[in-house]
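# Descriptive structure summary
Each chain, letter by letter, is given below.
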Amino acid sequence: MNYPYVPSGGIILQAIEQFKKALPAKIDAPTLKKLGIAPSNEGYVINTLKFLGIADDKNNRTEEGVQLFSTHGDEAFSKSFEAVVRQKYDALF
């Protein structure tokens, strides 16, 4: 199985930090460009967020994504995000 990825961990970290402040309703290239996230790498970020269940096939945020990014506190968020990543990328762990 091919897993989506981003060419640099900093790119996805930038998106996550921004989305912790406010998860946009639409997670598409124009939105990422407007937020200054992942210039020229928007597709990688979008595909990864879709794979993680944060965005749907139409690039809309999901209820699961809203719940995840509504998690308060860095430690609680980290645990929740880790659980999502471990579940989706299970074969790699």
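A brief report on the enclosed structure follows. Keep in mind that this is a model prediction, so the values were computed, not measured.

### Some words on the environment of Pro-7
- In this fold, Pro-7 is placed in the segment before α1 (9-21).
- Spatially, the C-alpha atom of Pro-7 lies 19 Å from that of Ile-54, the residues being 47 residues apart in sequence.

### Considering the packing of aromatic side chains
- Inspection of the entire model under this criterion finds seven aromatic pairs.
- Counting every residue linked through ring pairs, the aromatic cluster contains Phe-19, Phe-69, Phe-77 and Phe-81.
- The ring of Phe-93 has Arg-86 lying over it, and the distance from NZ or CZ to the ring centre is 4.4 Å.

### Some words on unusual backbone geometry
- One non-glycine residue with positive phi stands out, namely Ala-38, at about 55°.
- When you line up the elements, Ala-38 lands in the loop between α2 (29-35) and α3 (42-51).
- Even without a glycine there, the phi angle at Ser-40 is positive, about 70°.
- Here Ser-40 shows up in the loop between α2 and α3.
- You can call Ser-40 exposed: its relative accessible area is 69%.

Parameters at a glance
Residues numbered from 1 in each chain as written. Predicted model: local features only at pLDDT ≥ 70, side-chain atom pairs only at ≥ 80, totals over all residues. Heavy atoms only, no water. Helix = DSSP H or I, 4+ residues; strand = E, 2+ residues; numbered from the N terminus. Phe/Tyr/Trp six-rings, centres within 6.5 Å; stacked < 30°, edge-to-face > 60°. Lys NZ or Arg CZ within 6 Å of the ring centre and 35° of its normal. Buried < 20%, exposed > 50% of the residue type's maximum accessible area, 1.4 Å probe, protein only.

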